[in-house]
Amino acid sequence: MADQLPLGRDPHSVRRRIEAMETMLERLFVVPGINRPVGLDAMIGLVPVLGDVVTTAMGAWLVWEARNLGMSKFHLARMVGNVGIDTAIGAIPLVGDLFDFAFRSNSRNLRMIKRHLDKHHPAARTIEGEVVGRGTG
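Reference entry: report on the structure contained in this document.

With that out of the way, let us pick up empty space enclosed by the protein. Overall, the coordinates contain one cavity of 30 Å³ or more when judged by the stated rule. Of all the secondary-structure elements, those providing two or more residues to the lining of the largest cavity are α3 (50-68), α4 (73-90) and α6 (105-120). Among the residues forming the lining of the largest cavity, the class breakdown is one nonpolar, six polar and two charged.

The structure is reproduced here in structure tokens:
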């Protein structure tokens, strides 16, 4: 999967990378019986301290990509807040693991980035994983 991700800084490439990261962190597979998607954020978060550090760094990467897209400081602060809440509560044993399962800070941040891309770079839009338009957005 990683070898198929574009490395460019154009909005389309960034969109594909952040969507892949969010899928990996929040929706990697579905838990049988409850049909709830789970990703590495909840799984790695089970490892005390190290798991929280790793998932925080991965969530911070999404914020960094948003910053490179030129998102407003207000939105970046909201995204940092989402990652911070996820980290702070996620660090509490058991309670934090359940919180990681429900809060999904990376999905929240991805939605903000997608809204920004759709508004400021409409050529980077995708529908069902397919590129809609490819201009110089």
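Below, the discussion takes up α3. Between the first and last C-alpha of α3 there are 27 Å, a value that for 19 residues agrees with the 27 Å anticipated at 1.5 Å per step. Where α3 is concerned, the buried positions are Gly51, Asp52, Thr55, Met58, Gly59, Leu62, Val63, Glu65 and Ala66. Within α3, the buried residues cover an arc of 160 degrees as seen down the axis, which keeps them to one side. Opposite its buried face, α3 presents the exposed residues Leu50, Val53 and Arg67, each directed more than 90 degrees away.

Take unusual backbone geometry next. Even without being a glycine, Val49 presents a positive backbone phi close to 60 degrees. Secondary-structure assignment places Val49 in the loop between α2 (40-44) and α3. You can call Val49 exposed: its relative accessible area is 62%. For Leu94, which is not glycine, the phi torsion reads 65 degrees and is therefore positive. Mapped onto the fold, Leu94 is located in the loop between α4 and α5 (95-103).

Analysis parameters
- Residues numbered from 1 in each chain as written.
- Predicted model: local features only at pLDDT ≥ 70, side-chain atom pairs only at ≥ 80, totals over all residues.
- Heavy atoms only, no water.
- 1 Å grid on protein atoms, 1.4 Å probe; cavity = no way out; pocket = protein on both sides within 12 Å on 5 of 7 lines; lining within 4 Å.
- Points joined across faces, edges and corners; volume = space filled by probe spheres on them.
- Helix = DSSP H or I, 4+ residues; strand = E, 2+ residues; numbered from the N terminus.
- Nonpolar A, V, L, I, M, F, W, Y, C, P; charged D, E, K, R; others polar.
- Expected span 1.5 Å × (residues − 1).
- Buried < 20%, exposed > 50% of the residue type's maximum accessible area, 1.4 Å probe, protein only.
- Arc of directions from axis to C-beta.

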